[in-house]
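# Structure at a glance
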Amino acid sequence: MRPVLEIAGLVVRADDGKGSWIDTIRNVDLTVSAGEVVALIGESGAGKSTVALAALGYARPGTRLVEGRILFDGQDVRALDERGLRRLRGRDASYVAQSAQDALNPAIPIGAQIAEPLLIHGIASGTEAEARIASLIGLLDLPVGIVTRFPHQASGGQQQRIMLAMAMACAPRLLVLDEPTTALDVTTQIEVLKAIRTAIRGQGSAAIYVSHDLAVVAQIADRIVVMRHGAIVEQGPTAEIVERPKQPYTVTLIDAVRPRDRRLAREAPRGPAPLLALRGVNASYEQQGWFGPARGGNKVLRDIDLTVGKGEVLAVVGESGSGKSTLARVVAGLHPRLSGDIALAGTTLADRVRRRPLEQRRRIQIIFQSPDLSLNPEERVGEIIGRPRQLYFNEARTNRDAHTDRLLDMVGLPPSYERRFPAELSGGERQRVAIARAFAAEPDLILCDEILSSLDVVIAAQILELMRELKRKSSVAYLFISHDLVTVAQIADRIAVLYAGTVLELGATSAVFTPPHHPYTALLMAAVPQLRRGWLDDAFKLRGPTAQRRAAPTGCPFQPRCPLAIPGLCERELPPLREQTSGHAIRCHRSDAELRQAQTSPVQTSPN
Amino acid sequence: MSAGEATAQAIPRPRRLPPPLACIGLAIVAIGLIMALLGPFLARHGAGELISERPFPAASWALPFGGDHLGRDVLSRLLHAAPVTIGLALGATTVGFVIGLTVGFFTAEVRGRTDTMITWILDILVSFPPKLIALIAIAGLGSSLPILIATLGFVHAPRVARVARAVAMNISAMDFVEAARARGESVLAVMVREIWPSARRPMAVEFGLRVTFSILVLSSLSFLGLGVQPPMTDWGSMVRENMSGIFLGTPAALIPALAIGILTVGINLVIDWIGGSSGRRLTEELSR
Amino acid sequence: MASLVLGRLLLGAVTLLVASLLVFAGTQALPGDVTTAILGNEATPETRAALVERLGLDHPIHVQYFEWAGRFLRGDLGLSLVNDVPVSRLLDLRLKNTFILALATIIVVVPLSLFLGLLCAAYPNGRLDSSISVVSLFLISLPEFLVGIILVLLFAVYWSVLPATSISGFRSFEHLVRALVLPVLTLTFAILAHMVRMTRAAMLEVMRAPYIEMALLKGASRSRIVLRHALPNALGPIINVIALNLGYLISGVVVVEVIFAYPGLGKLLVEAIGNRDLPLLQAVALIMVAAYIVFTLLADIVARLSNPRLRFKQ
Ligand code: SF4
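Keep in mind that this is a model prediction, so the values were computed, not measured. (Residues numbered from 1 in each chain as written. Chains lettered and ligands numbered in written order. Predicted model: local features only at pLDDT ≥ 70, side-chain atom pairs only at ≥ 80, totals over all residues. Heavy atoms only, no water.)

### A look at the overall build of chain A
So the rule is basically this: Secondary structure elements are taken from DSSP: a helix is a run of H or I of four residues or more, a strand is a run of E of two residues or more, and numbering for both begins at the N terminus. Using a 1.4 Å probe on the protein chains alone, a residue whose accessible area is under 20% of its type maximum counts as buried, one over 50% counts as exposed, and one in between counts as partly exposed. Contact between two residues is taken to exist if any of their heavy atoms lie within 4.5 Å; hydrogens are not considered. For every accessible area listed, the method is Shrake-Rupley and the probe measures 1.4 Å; residues are considered covered only by the protein chains on display. This count recognises Lys and Arg as positive and Asp and Glu as negative, with His and chain-terminal groups excluded. Here the site of a charge means NZ on Lys, CZ on Arg, CG on Asp, or CD on Glu.
What chain A contains, in helices and strands, is 22 helices and 24 strands. Expressed as a percentage of its 608 residues, the buried residues of chain A come to 57%. Excluding contacts between residues fewer than 6 apart, the proportion of contacts in chain A whose partners are at least 24 apart in sequence is 67%. About 23800 Å² of surface is accessible on chain A, with carbon and sulfur atoms providing 49% of the total. Across chain A, the mean location of the 74 positive side-chain charges is 2 Å away from that of the 66 negative side-chain charges.

Here it is in structure tokens:
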């Protein structure tokens, strides 16, 4: 059978912004047979998307396809003129972008956007097109009424499926999916992945699936192509790559997904008084009304009781909108709390950071998610790291420099980096600088707000390792905010699971990972992508009765999505945080036995 | 999405030579400043000195740009008027800019109710047509240098404040500013150390735009006879004096008008260059 | 959404109020003797008293304001001080003339600038785009009188094809058109470059969005991408651009009308200032300011409504 796509000797050149051109794709060959799903995987900057887009004869602004052959169905794509390319795109080969939120046109109703490829290519119009849209909407499990709405009125998971419907409209021979689930929460990711698989299988389309996540790809792809630095490292059937990788780079990638010693087998050191204690903390988004901020409105944090011991790592896990970042900001004094009390080593902390004494401020430091944004672009690394020394210790210039060298060395950067600007560092290096800045204050507690999520898997693993190492060397405590249960398991002594601003489960890491789980924790665990085949189907089964994303305003916030919800009770009453074994508590109306029973069903909860 | 792509987001620092258009602009601005500082000393004749008996004597070696309606040397008058036009524009802009910048940065950092209220007031002040406000003020208060400067400053201040607020808000939403706040830096330190370095370039663009605007409005006012009053002269009033010559085909009115035009074009060329590297281009910002 | 519109309307109302206060303060509540300002030093006590009487200057200042504003709202604009003609009669013709001038300019400049702006955005960094960019960079913010002078020199003095002034009045349609050409051209030059650049910038901003790339990869044609995908999203900013520049017309006409001796509101305003004709000045200034405010307000509301995110809440 003739392959749908044949790329041979592809070279792509990019403008480096300084007037010269560099090769970003070097001599790549790629073949996709009819109906085959090929995954392109690698870190960001590996050139996956560039290769995938080349299949559509497209190079992003600032890049050029300079060499190689791209044959689509035997037709030379590079030789096509503008009209020829238009005929190819959207009809024979279509594209699903990473962020549907950005890739859907905000000014055009959803139905019209899905129908557009049909109209452009003159395939169907009027009732015929409507029928086609209706069938796609059914296939992808979207609500019927959605066609008349605008993209911003759909949820993130729906938006991604809308884009998929749009790409499927003309029943293309090849589908290019560019990180289609990367921007989504794990539980949403399952729905979308499932929809993608259904769509591809149902239509018999071939597909190129671009992803950085090996586990996700393992569920969908027939073949995996591993890329790095613009070249192919290794390729082969999925099972072979996952089970018998040949190249060391592939092994690193797999290791990053498959965590080693997950549980830290050590008891949380418990002093008499905890280092940080939150009691009944409530917070809401400030809404700017005509007459000052509106009160109450939508609460992001409800009655949070948490403690962090001296030298302890408490992880707070939740999906977007759970309020986990607000929690860190409230502790840091950057976000006001409506009520409740926060104490550092027994002393109550003022609401706003500026009202806290210098010594308290020094003892709590924060590291932000994106090191690209958290370092002042106009300051040199030396100044950035030196500032806390100057501010908190009033340290003289010469001393500061010595400290800076030591701190840089501590986070694994050479002293010469002192003279550099953040723009001259890589993402991982920048995060190291941010970490050094936090440690410069010699704090007792570091708030880590999603510090890994903007980094590539391999880099993230290195930074995580660095954090663990630094932890071992000092008595610092972390409040580790993350959306990723598996990552957190590698560093946390205790875990708090947050949903809609409410703590649903709290306990030592090992306890949280042993059944019974809170139904939401169970869902989160199942939703973490696993390399094993069949994970997706299992996870899909465990997903709640509806794909509803909104938290319930009263009762158990998880009730609308809970597969175990008790009608008449759960929507009315908020269950208490029920302590079962010492230090492990679950907020659920179901008894431990009921939960355990539900969770020992065929679905495996351990990622290994 | 990180390392590789992220580097590209970083603010570029222009190190190379400015492009040709920007060089032209810089040259024009430099000449303008020299004229403003030294103009009267470079002039061959006094501002009121009558060179010719007839009105509008033709251009010659002695009178490179010809003479005006009273037979005075246009070039000399141009040089004498330069400090008035440019100095007045710079003065008025500086007044408006300093006030606007302070208010804008302040509101951006305090947020909350104060911010809402000040923004509201700014919205109102900005919705007046600037040139008309100047006209009305001058109609009422009469025309003198302090009043011209105050009026223009009043026109500029709320506009600058809005821009400054927007720029500062954008920067202060960034995590590195948040990090500084979390460290417990004072409001002043946050503004000076964190926000200002990144706001420098966009605000320089704003200053340039405001100077251009000042020159244009002041010249228009003088052209209408409502700006700088005799015996003092600026380029706008030179245009006015010599308008009658236009119908005779003499360039006496054209010369000062061209001087104004070239100066504003020069400033715009520089702005476009600075703006281009700060992501804030002239076109997005120019509001009259 | 309703609250958004209401908020803007409220803001507009307050702005108008402040504007009237400002006009009043700027013209009547001045420090110093208004009668001297109006009548000069040689006025007799009787004429002064008559003027004080007529303007109600003996009342407290806030009462004066309310009397003035009340009369204004009732349509009683008072008598011109110069020739005792009702201000409203003076305004009548001038208003119409300025309206014609502005309308003619709008008809020329709006489609032209939109067309050029969209063309630039459709072929960004192409030869046309680059040349328009450079030329407009030069043309932008040249003083109107420079453009006016050059046009007069060329068309009226050297080539003698068009009248340099409109002073002869508008006897026929042809006359009117010939008289309009140069003023309209001057105003067009004053606005066009700016509008094209801002339209282009607004479009290019949108053209960078991922959904434009998406449209391209759906196989949409260039015109479809520009008109169907980009334009609706750039509409808000573009409407604001148009409003901003047409608002500029309102003050731009002042200079242009003076250059070409065009009998419109702008020239009337300058005359009123020159003659210290207070009632006339107040009326003209307030009309122009109000027109500007109402205009930008409407544009702002329309621009906001063009955004479906604001039209339909989540
Ligand atoms: S309380 Fe009810 S709804 Fe909430 S998690 Fe437990 S069973 Fe589910």
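Back to the write-up after that little detour.
### As for the overall build of chain C
A tally of regular secondary structure across chain C gives 13 helices and zero strands. Seen along its three principal axes, the alpha-carbon backbone of chain C occupies a region of about 85 × 60 × 35 Å. A burial count over chain C gives 53% of its 314 residues as buried. Within chain C, residue pairs in contact and separated by at least 24 positions form 72% of the contacts whose partners lie at least 6 positions apart. About 13900 Å² of surface is accessible on chain C, with carbon and sulfur atoms providing 68% of the total. Side chains of chain C give 24 positive and 18 negative charges; the mean places of these two sets differ by 17 Å.

### Considerations on the environment of Asp234(B)
Residue and element names in this part refer to chain B. Turning to its location among the elements, aspartate 234 is positioned in the loop between α8 (187-223) and α9 (235-241). When the C-alpha atoms of aspartate 234 and serine 219 are compared, they prove to be 7.5 Å apart, with 15 residues separating the residues in sequence. Here aspartate 234 is in contact with Ala81, Val84, Thr85, Leu218, Ser222 and Val228, once residues within four sequence places are set aside.

### Observations regarding the packing of helix α4 (residues 110-120) of chain A against helix α10 (residues 222-259) of chain C
Our working definition: Inter-axis angles, ranging from 0 to 180 degrees, are taken between N-to-C directions of lines fitted to C-alpha atoms, where helices are fitted over the stretch in contact. In what follows, roughly perpendicular refers to angles from 65 to 115 degrees, roughly parallel to angles under 35, roughly antiparallel to angles over 145, and oblique to any angle outside these ranges. Here is the rule for handedness: rotate from the far helix to the near one, and if that takes an anticlockwise turn smaller than a right angle the crossing is left-handed, while a clockwise turn gives right-handed. The residue classification treats Ala, Val, Leu, Ile, Met, Phe, Trp, Tyr, Cys and Pro as nonpolar and Asp, Glu, Lys and Arg as charged. All others, Gly included, are polar.
Running from N to C, α4(A) and α10(C) point in directions that differ by 160°, and their axes come no closer than 14 Å. As the angle between them shows, α4(A) and α10(C) are arranged roughly antiparallel. Between α4(A) and α10(C) lies a crossing whose hand is right-handed. For the pair formed by α4(A) and α10(C), the contact residues are Ala112(A), Glu116(A) and Ile120(A) on the first element and Arg224(C), Arg228(C) and His229(C) on the second. Taken together, the residues that form the contact of α4(A) with α10(C) break down as two nonpolar, one polar and three charged.

### Examining the sheet that holds strand β20 (residues 477-482) of chain A
Residues and elements named next belong to chain A. Note the cut-off: When DSSP finds two or more bridges between a pair of strands, those strands are recorded as paired.
The strand order across the open sheet built from eight strands is β18-β19-β20-β15-β21-β22-β24-β23, with neighbouring strands paired in mixed fashion. Strands at the two margins of the open sheet, each flanked by one partner only, are β18 (364-367) and β23 (577-579). Averaged over all neighbouring strand pairs, the angle between strand axes comes to 20°, with direction disregarded. Where strand β19 (residues 445-449) and β20 come together, five bridges link them in parallel fashion. Bridge pairing links cysteine 448 to phenylalanine 480 in β20.

### A look at the nonpolar core
For clarity, the cut-off: Buried Ala, Val, Leu, Ile, Met, Phe, Trp, Tyr and Cys residues form a nonpolar core when they are joined through side-chain atoms within 4.5 Å. Start and end positions for the domains come from either an automated domain assignment or a database one.
Formed by 153 residues in total, the largest nonpolar core has its most connected members in Leu174(A) and Ile208(A). Two domains each donate at least three residues to this core, and these are domain 1 (5-257) and domain 2 (276-369 + 443-598) of chain A. For Ile208(A), the residues in contact, after removing those within four places along its chain, are Leu5(A), Leu30(A), Val32(A), Val38(A), Leu40(A), Ala52(A), Ala55(A), Leu174(A), Leu175(A), Val176(A) and Leu177(A). In terms of nonpolar packing, the next biggest core, distinct from the first, is built from 144 residues, Leu78(B), Leu101(C), Val253(C) and Ala283(C) among them.

### Brief notes about the interface of chain A and chain C
Our working definition: Defined here as a combined quantity, buried area equals the accessible surface (1.4 Å probe) lost by two parts on assembly, summed across both. By definition, a salt bridge exists where a carboxyl oxygen of Asp or Glu is found within 4 Å of a side-chain nitrogen of Lys or Arg. Polar contact criterion, stated in full: a pair of N or O atoms within 3.5 Å, where within protein one must be able to donate a hydrogen and the other to accept it, and residues adjacent in sequence count only if both atoms are side-chain atoms.
The interface is formed by 31 residues belonging to chain A together with 22 residues belonging to chain C. Summed over both sides, the interface between chain A and chain C buries roughly 2500 Å², with carbon and sulfur atoms accounting for 60% of that surface. For chain A, the biggest contributors to the area lost against chain C are Pro106(A), Glu116(A) and His152(A); these three give 22% of the whole. At the junction of chain A with chain C, the criterion picks out four salt bridges. One salt bridge connects Arg222(C) with Glu82(A), and the closest N-O pair in it is separated by 3.7 Å. Our count for the contact surface shared by chain A and chain C stands at 11 residue pairs in polar contact (both at pLDDT 80 or more). Secondary structure elements with two or more residues in the side of chain A that touches chain C: α2 (82-88), β6 (93-96), α3 (100-103), α4 and α6 (156-168) of chain A.

### Overview of the domain arrangement of chain A
Residues and elements named next belong to chain A. By the assigned domains, chain A splits into domain 1 (5-257) and domain 2 (276-369 + 443-598). For domain 1 versus domain 2, the separation of C-alpha centres amounts to 34 Å. On the side of domain 2, 23 residues touch domain 1, which itself brings 27 residues to the contact. Both faces combined, the contact of domain 1 with domain 2 buries some 2400 Å², and carbon together with sulfur accounts for 64% of it. When the area that domain 1 buries against domain 2 is broken down by residue, the three leading residues are Thr187, Ile190 and Gln219, summing to 25%. Taken together, domain 1 and domain 2 are joined by two salt bridges. The partner of arginine 197 in a salt bridge is aspartate 537, with the nearest N and O atoms 2.7 Å apart. Here domain 1 is connected to domain 2 by 10 residue pairs in polar contact (both at pLDDT 80 or more). For the side of domain 1 that touches domain 2, the elements supplying multiple residues, two or more each, are α7 (186-203), α8 (214-220), α9 (238-243) and α10 (248-257).

### Considering the pairing of β6(A)
Residue and element names in this part refer to chain A. Here β6 shows a buried face lined by Ala93 and Tyr95 and a second buried face lined by Ser94 and Val96. Taken together, the four bridges between β6 and strand β7 (residues 174-178) define a ladder with parallel strand orientation. Within β7, the position partnered with serine 94 by the bridge is leucine 175.

### Observations regarding the domain arrangement of chain C
Residues and elements named next belong to chain C. According to the domain assignment, chain C consists of domain 1 (2-73) and domain 2 (89-311). Each of domain 1 and domain 2 was reduced to a C-alpha centroid, and the two centroids are 32 Å apart. Listed per partner, the contact involves 17 residues of domain 1 and 16 residues of domain 2. Taken together, both faces of the contact between domain 1 and domain 2 bury some 1600 Å²; the carbon and sulfur share is 82%.

### Some words on the pattern of salt bridges
Close approach of charged atoms lets side chains of opposite charge pair. Per the counting criterion, the structure on display carries 47 salt bridges over all chains. Notably, a salt bridge pairs Arg183(B) with Glu185(B), separated by 3.0 Å at the nearest N-O pair. For the pair Arg183(B) and Glu185(B), one class covers both residues: buried. One salt bridge connects Arg200(C) with Asp129(C), and the closest N-O pair in it is separated by 2.5 Å. Pair noted here: Arg200(C) is in helix α8 (residues 173-207) and Asp129(C) is in helix α6 (residues 127-139), with a separation of 71 residues, a long-range link.

### A short note on the confidence of the model for chain A
All names here are of chain A. What counts is decided by this rule: The pLDDT value tells you how sure the predictor is about a given residue, anywhere from 0 up to 100.
Overall, the prediction assigns chain A a mean pLDDT of 86, with 91% of residues at 70 or greater. Predicted confidence is poor over residues 288-296, with pLDDT under 50, and the contacts of this stretch with residues over four places away or in other chains come to 17 contacts. Every residue in residues 602-608 is under pLDDT 50, and counting partners more than four places away or in other chains gives 12 contacts.

### What about the side chain of Asp449(A)?
Residues and elements named next belong to chain A. Relative to the helices and strands, aspartate 449 is located in strand β19. It turns out aspartate 449 is buried and unbridged, and the closest side chain with the opposite charge, arginine 329, is 6.7 Å from it. Within the local environment of aspartate 449, its side chain forms a polar contact with the side chain of serine 325, the two groups lying 2.9 Å apart. With residues up to four places along the chain from it excluded, the contact list for aspartate 449 reads Ser325, Ile367, Phe368, Gln369 and Ile481.

### Focus: the site of the ligand
We count it as follows: Any residue with a heavy atom lying within 4 Å of a molecule or strand is counted as near it.
The environment of the ligand is made up of His518(A), Pro519(A), Cys556(A), Gln559(A), Cys562(A), Leu564(A), Ala565(A), Cys570(A), Pro575(A), Cys588(A), His589(A) and Arg590(A). Classifying every residue of the shell around the ligand gives eight nonpolar, three polar and one charged.

### Remarks on the interface of chain C and chain B
Listed by partner, the interface residues are 53 residues for chain C and 45 residues for chain B. Sorting the residues of chain C by area buried against chain B places Leu137(C), Ser141(C) and Phe145(C) first, and these three jointly supply 14% of that buried surface. Taken together, the connections running from chain C to chain B amount to two salt bridges. Between chain C and chain B we count two residue pairs in polar contact (both at pLDDT 80 or more) in total. Broken down by secondary-structure element, the contributors of at least two residues to the side of chain C that touches chain B are α1 (2-27), α6, α7 (144-158), α8, α10, α11 (265-275) and α12 (278-305) of chain C. Considering only residue class, the side of chain C that touches chain B consists of 42 nonpolar, eight polar and three charged.

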